[in-house]
Amino acid sequence: MRTTTSSPRDDDVTATRATTEGAGGPSAAGPAARSLRASLPGDPQAAAAARQFVRAAFADWAAQRLPGTEGLTDRLADEAVLLVSELVTNAVVHAGTTVELRCRLEAAGERDDEADPAPLPGVVVEVSDHHPAQPIRARAQRTASGSPVSDGSLSGGCLVDGAAADGDGSESGGHGLQLISAVAESWGITYRRAMKTVWFRLPVDAPDAGARPEPEIAYADQLLQRELRAAELLAPAPRRAARRELDADRVETGALSFLAEASDLLSGQLDADQVAALAAQLIVPRLADWCAVWLYDGDGGAPGRGIAASGEEQRLARVWHTSESRVDSLRTALEKQPPEVPGAASPGRAPAAVPWPWPDEPGGAEPGGAALACPLVAGGRRLGTLLLGRGGLPRIPDEVVVLIEDLARRVARAVATARAYSRQERISQVLQRRLLPRGRAQVPGVESAVVYEPREGAWAGGDFWDLFDAGDGRWCFALGDVCGSGPEAAAVTGLARPVLRLLARDGFGVAEVLDRLNKTMAREAADSVAAVAAAVAAAGAGAEAPVEIREEGEQARFLSLLYGEIVPYPGGSGGARCTLASAGHPLPLVLGADGAVRVVAAPQMLLGVVEDAAYVSESFDLCPGETLLCVTDGVTERRSGRRLFDDEDGLATALAAGAGLGATALADHIRNTVHAFDPTPPDDDLALLVLQAASGPP
């Protein structure tokens, strides 16, 4: 996110790219310190980034003690965050362009407003997109400042332009401009030649003005006396004596703000138990005195009513109480009777929360209260139950129940996402364990080291390595890279490594092993193409069509491989005889005892491309003190801008810089050099194998 500052003028054509002057008191504050800008990409992460930017702007102004910051309260920040979130979301959904965000702190009397000759300080926020041609459905309305503006409809909480609105012109029940109209002191829309801007202003109360008055509405429910109304979660307090309708808007505003923040927190969790812990802390003490989250441990959750056919029961994943000393006793009481709430619901509707008996907590000081059980359902699967309670109440009000049900749906989706991630991670780990050797063989007189790092977030690595005893005094090594990724690449790895071992132990040489492996892979690819050809011919397509129809799964049958065998010299004199071949793989390098680097193989065809390809091997002596380095293209093709790591013999240079290091230290040196080549994490698997001939006896 790029942050810039500018003068407080409304002319947005020019902006000064400069950082704010941090030190100093109010007298040091200039226009640049009071106005902050951010340019956000038009993607789903823009709203979260905008909320973070607004809170950072409030904190920055307060830290500099600028004039007017005495009235920057948490409630005012919550108002700004909520409105900015709605406007940025609208810009991303309906404009799809880069979003420009500007926050400006106005000093007292800075505005030239005839209606208010001595206005209070205020915070002005502008959200701009680069799609000014989108018209807004006209509906005459005046802002609090008296200037006419055009209103619009909303869909899913976002402003909808006229082209996307319903033909009847009715409101679609969103909250974008409706929220601004209810919360902001003034707001409006400005059209420029290449930009559309929606702005709003929130007044900053003077320090001696006292707290904002609360709505003068009588509430009979004890729940409201305990500050459990949805509006009290994160909602801004009214600035003047509110009417009943305005108070209802505040309730909805607070609920939306709470749910938006909860969604951001929950969506970042990839562990179901962590989701349960976070949900309990969100609920206590805002909505309840205590909360418990029950989860099914099965992969897909329990079907139907909530108990799996195998008799699986829910597990109490998290218990939380306002008084931490009572967590254990509450857990003991709840574990005696897991909630069995019916999970069935009408088609298209999620299961509703139901009242639940107050738990008989041992030694509990509270006489009782209202408890609620809400099923956690996502994708038609019952994943668990959310149970909560508030002491001293006969029942939980309807508006709070609705809020809890909405939160429970978000918790259920987060649990489902976390479980899907956990299943995929388990599958990937199992595959990695099966696709890679459990260890590497110890070659007499040769020190070895391996670095293997699948790219971040990879389902299963496409690179593989092996070092094994082939018998008859031979040790074989391999370093391969499957063309493709995912399950198809894993399937090729699962084929290639066992075949290599089988052929090597049957006594085949390096070239013969590659010949037979190539034929095996090419025939499998040909069988798949023949199946596609038969299907096309049956549909009456031309004869040449099958040649062009080749999906990613077919491409994954190609394999680049560096394969060789090493035979140590007898008598422990040090050194070994090495024979190898490279099939479409980065060429191996040898670092001599004198520090010179040389290439020891010639490039040949990828495996699986041409069935009758013939491969040849090359032999050389790995003298005492010399080191053989084998890498995959995740090393040589590591990018930094337009440059590759191996441009201008970068790998050979890095290898020469490691002269004198042992095998393990040299492997770490190459790995660290590759990672330091660019600050971003590698976008490909990284694998390298080092074989170093030990020095002979003096």
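Residues numbered from 1 in each chain as written. Predicted model: local features only at pLDDT ≥ 70, side-chain atom pairs only at ≥ 80, totals over all residues. Heavy atoms only, no water.

## Here we look at the overall build of the chain
Okay, step 1: Across its full length, the chain holds 17 helices and 28 strands.
Okay, step 2: Contacts in the chain between residues far apart in sequence, at least 24 positions, make up 69% of those at least 6 positions apart.
Okay, step 3: Accessible area of the chain: about 32,300 Å², with a carbon and sulfur share of 51%. (Helix = DSSP H or I, 4+ residues; strand = E, 2+ residues; numbered from the N terminus. Contact = heavy atoms within 4.5 Å. Areas by Shrake-Rupley, 256 points an atom, 1.4 Å probe, with all protein chains shown as cover.)

## Some points on the sheet that holds strand 12 (residues 315–321)
Adjacent strands of a sheet pair through backbone hydrogen bonds, lying either parallel or antiparallel.
Okay, step 1: Pairing in this open sheet of 5 strands is antiparallel, and the strands run 12-11-15-14-13 from one edge to the other. Each edge of the sheet is formed by a strand with only one pairing partner; in this case those strands are strand 12 and strand 13 (354–356). Pairs of neighbouring strands in the sheet enclose a mean axial angle of 25 degrees, with direction left out of account.
Okay, step 2: Examined bridge by bridge, strand 14 (residues 369–378) and strand 15 (residues 381–391) share 10 bridges and lie antiparallel to one another. By the bridge assignment for strand 15, alanine 371 is matched with glycine 389.
Okay, step 3: In this fold helix 8 (residues 272–283) packs onto strand 11 (290–295), strand 12 and strand 15, with an angle of close to 30 degrees to the strand it touches most, strand 12.
Okay, step 4: Seen against the sheet, helix 9 (residues 327–335) touches strand 11, strand 12 and strand 15 and runs at an angle of roughly 140 degrees to strand 12. (Pairing = 2+ DSSP bridges. Axes fitted to C-alpha atoms, helices over the stretch in contact; angles between N-to-C directions.)

## Observations regarding the pairing of strand 4 (residues 122–129)
Okay, step 1: Within strand 4, 8 of the 8 residues are buried, which leaves it mostly tucked inside the rest of the structure.
Okay, step 2: Burial along strand 4 is two-sided: Gly122, Val124, Glu126 and Ser128 and Val123, Val125, Val127 and Asp129, pointing in opposite directions, are all buried.
Okay, step 3: The sheet contact formed by strand 3 (residues 99–106) and strand 4 spans 7 bridges and is antiparallel. Each bridged residue has a counterpart across the sheet, and for leucine 101 the counterpart in strand 4 is valine 127.
Okay, step 4: Across 8 bridges, strand 4 lies against strand 10 (residues 196–203) in antiparallel orientation. Opposite glutamate 126, over in strand 10, you have tryptophan 199 as the bridge partner. (Buried < 20%, exposed > 50% of the residue type's maximum accessible area, 1.4 Å probe, protein only.)

## Focus: the nonpolar core
Okay, step 1: By size, the foremost hydrophobic cluster in this structure holds 51 residues, and its most contacted members are Phe477, Leu559, Leu561, Tyr563, Leu607 and Leu628.
Okay, step 2: Sequence-distant contacts of phenylalanine 477, that is, excluding residues within four places in its chain, are made with Asp466, Leu467, Leu562, Tyr563, Gly564, Glu565, Cys578, Leu580, Leu628, Cys630, Leu689 and Leu691. (Core = buried A, V, L, I, M, F, W, Y, C linked by side-chain atoms within 4.5 Å.)

## As for the pattern of salt bridges
Where side chains of opposite charge bring their charged atoms close, a pairing between them can arise.
Okay, step 1: Under the counting rule described, the total for this entry stands at 18 salt bridges.
Okay, step 2: When the shortest N-O distance is used, the salt bridge between aspartate 466 and arginine 501 registers 2.7 Å. A residue pair is termed long-range when its members are at least 10 positions apart, and aspartate 466 in strand 17 (residues 463–471) and arginine 501 in helix 11 (residues 486–505) qualify at 35 residues.
Okay, step 3: According to the relative accessible area criterion, aspartate 466 is buried, its value standing at 2%.
Okay, step 4: When salt bridges with common partners are traced through the structure, they connect Arg102, Arg104, Glu106, Glu126, Glu185 and Arg201 into a single cluster. (Salt bridge = Lys/Arg side-chain N within 4 Å of Asp/Glu carboxyl O.)

## Brief notes about the packing of helix 2 (residues 46–64) against helix 3 (residues 74–94)
Okay, step 1: At their nearest, the axes of helix 2 and helix 3 sit 8 Å apart, and the two run at 150 degrees to each other. With respect to helix 3, the element helix 2 is oriented roughly antiparallel. Helix-helix and strand crossings are classified by hand; for helix 2 and helix 3 the assignment is right-handed. Residues Ala46, Ala47, Ala50, Arg51, Val54, Arg55 and Phe58 of helix 2 form the contact with helix 3, whose participating residues are Leu76, Ala77, Asp78, Ala80, Val81, Val84, Ser85, Val88, Thr89 and Val92. (Parallel < 35°, antiparallel > 145°, perpendicular 65-115°, else oblique. Left-handed = near helix turned anticlockwise from the far one by under 90°.)

## Digging into the side chain of arginine 201
Okay, step 1: On the secondary structure map, arginine 201 appears in strand 10.
Okay, step 2: Among the polar contacts made by the side chain of arginine 201, one reaches the side chain of glutamate 185 at a distance of 2.8 Å. (Polar contact = N/O pair within 3.5 Å; in protein donor to acceptor, adjacent residues only side chain to side chain.)

## Some remarks on the packing of aromatic side chains
Okay, step 1: Within this structure, the stated rule accounts for 3 aromatic pairs.
Okay, step 2: Ring geometry for phenylalanine 645 against phenylalanine 677: centres 5.5 Å apart, planes inclined by 90 degrees, an arrangement best described as edge-to-face. Here phenylalanine 677 lies in the loop between helix 17 (663–676) and strand 28 (686–693) and phenylalanine 645 lies in the loop between strand 27 (643–644) and helix 16 (650–657), a separation of 32 residues in the sequence. The two residues phenylalanine 645 and phenylalanine 677 agree in class, both being buried. (Phe/Tyr/Trp six-rings, centres within 6.5 Å; stacked < 30°, edge-to-face > 60°.)

## Quick word on a nonpolar patch on the surface
Okay, step 1: A cluster of nonpolar side chains, namely Met605, Val609 and Val610, defines an oily patch on the protein surface of about 210 Å² accessible area.
Okay, step 2: Among the secondary structure elements, valine 609 is positioned in the loop between strand 23 (603–604) and strand 24 (618–622). (Patch = residues over 30% accessible without salt bridge, like charges linked within 9 Å, V, L, I, M, F, W, Y side chains within 5 Å.)

## As for the sheet that holds strand 16 (residues 446–453)
Okay, step 1: The antiparallel open sheet is built from 5 strands, whose spatial order is 16-28-25-21-22. The open sheet is flanked by strand 16 and strand 22 (597–599), the only strands paired with a single partner. Neighbour-to-neighbour, the strand axes of the sheet open up by a mean angle of 20 degrees, direction not taken into account.
Okay, step 2: Where strand 16 and strand 28 come together, 8 bridges link them in antiparallel fashion. Note that in strand 28 the partner of valine 450 across the bridge is leucine 689.
Okay, step 3: Sitting on the sheet, helix 16 is in contact with strand 21 (589–591), strand 22 and strand 25 (627–631), with an inclination near 25 degrees to strand 21.

## Observations regarding helix 3
Okay, step 1: Taking 1.5 Å per residue, 21 residues should reach 30 Å; helix 3 reaches 30 Å between its end C-alpha atoms and fits that length.
Okay, step 2: Of all the 21 residues making up helix 3, 16 are buried; the element is thus mostly covered by neighbouring parts of the structure.
Okay, step 3: Of the residues flanking the end of helix 3, it is glycine 96, one or two places downstream, whose phi is positive at about 70 degrees. (Expected span 1.5 Å × (residues − 1).)

## Brief notes about the side chain of glutamate 405
Okay, step 1: On the secondary structure map, glutamate 405 appears in helix 10 (residues 398–435).
Okay, step 2: Among buried Asp, Glu, Lys and Arg side chains, glutamate 405 stands out as unpaired, with arginine 409 the closest opposite charge at 4.9 Å. (Lys, Arg positive; Asp, Glu negative; His and termini not counted.)

## Let's talk about the pairing of strand 17
Okay, step 1: Most of strand 17 is tucked away: 7 of the 9 residues are buried.
Okay, step 2: Counting the residues in the hairpin turn of strand 17 and strand 18 (residues 474–482) gives 2 residues, including aspartate 472, whose phi is positive at 60 degrees.

## Quick notes on a negative patch on the surface
Okay, step 1: Together, Asp646, Asp647, Glu648 and Asp649 make up a region of like negative charge exposed at the surface.
Okay, step 2: Structurally, the position occupied by aspartate 647 is in the loop between strand 27 and helix 16. (Charge placed at Lys NZ, Arg CZ, Asp CG, Glu CD.)

## Focus on the environment of leucine 265
Okay, step 1: Here leucine 265 shows up in helix 7 (residues 244–267).
Okay, step 2: Put simply, leucine 265 and leucine 278 are 13 residues apart on the chain and 7.9 Å apart in space, counted from C-alpha to C-alpha.

## Things to note about the confidence of the model for the chain
Okay, step 1: Here the chain shows a mean pLDDT of 74. Residues at 70 or above account for 69%.
Okay, step 2: In this model residues 134–174 is a low-confidence stretch, pLDDT under 50, and it forms 86 contacts with partners more than four residues away in sequence or in other chains.
Okay, step 3: Note that pLDDT drops below 50 for residues 541–556; the model gives that stretch 22 contacts with residues more than four away or on any other chain. (pLDDT = per-residue confidence, 0-100.)

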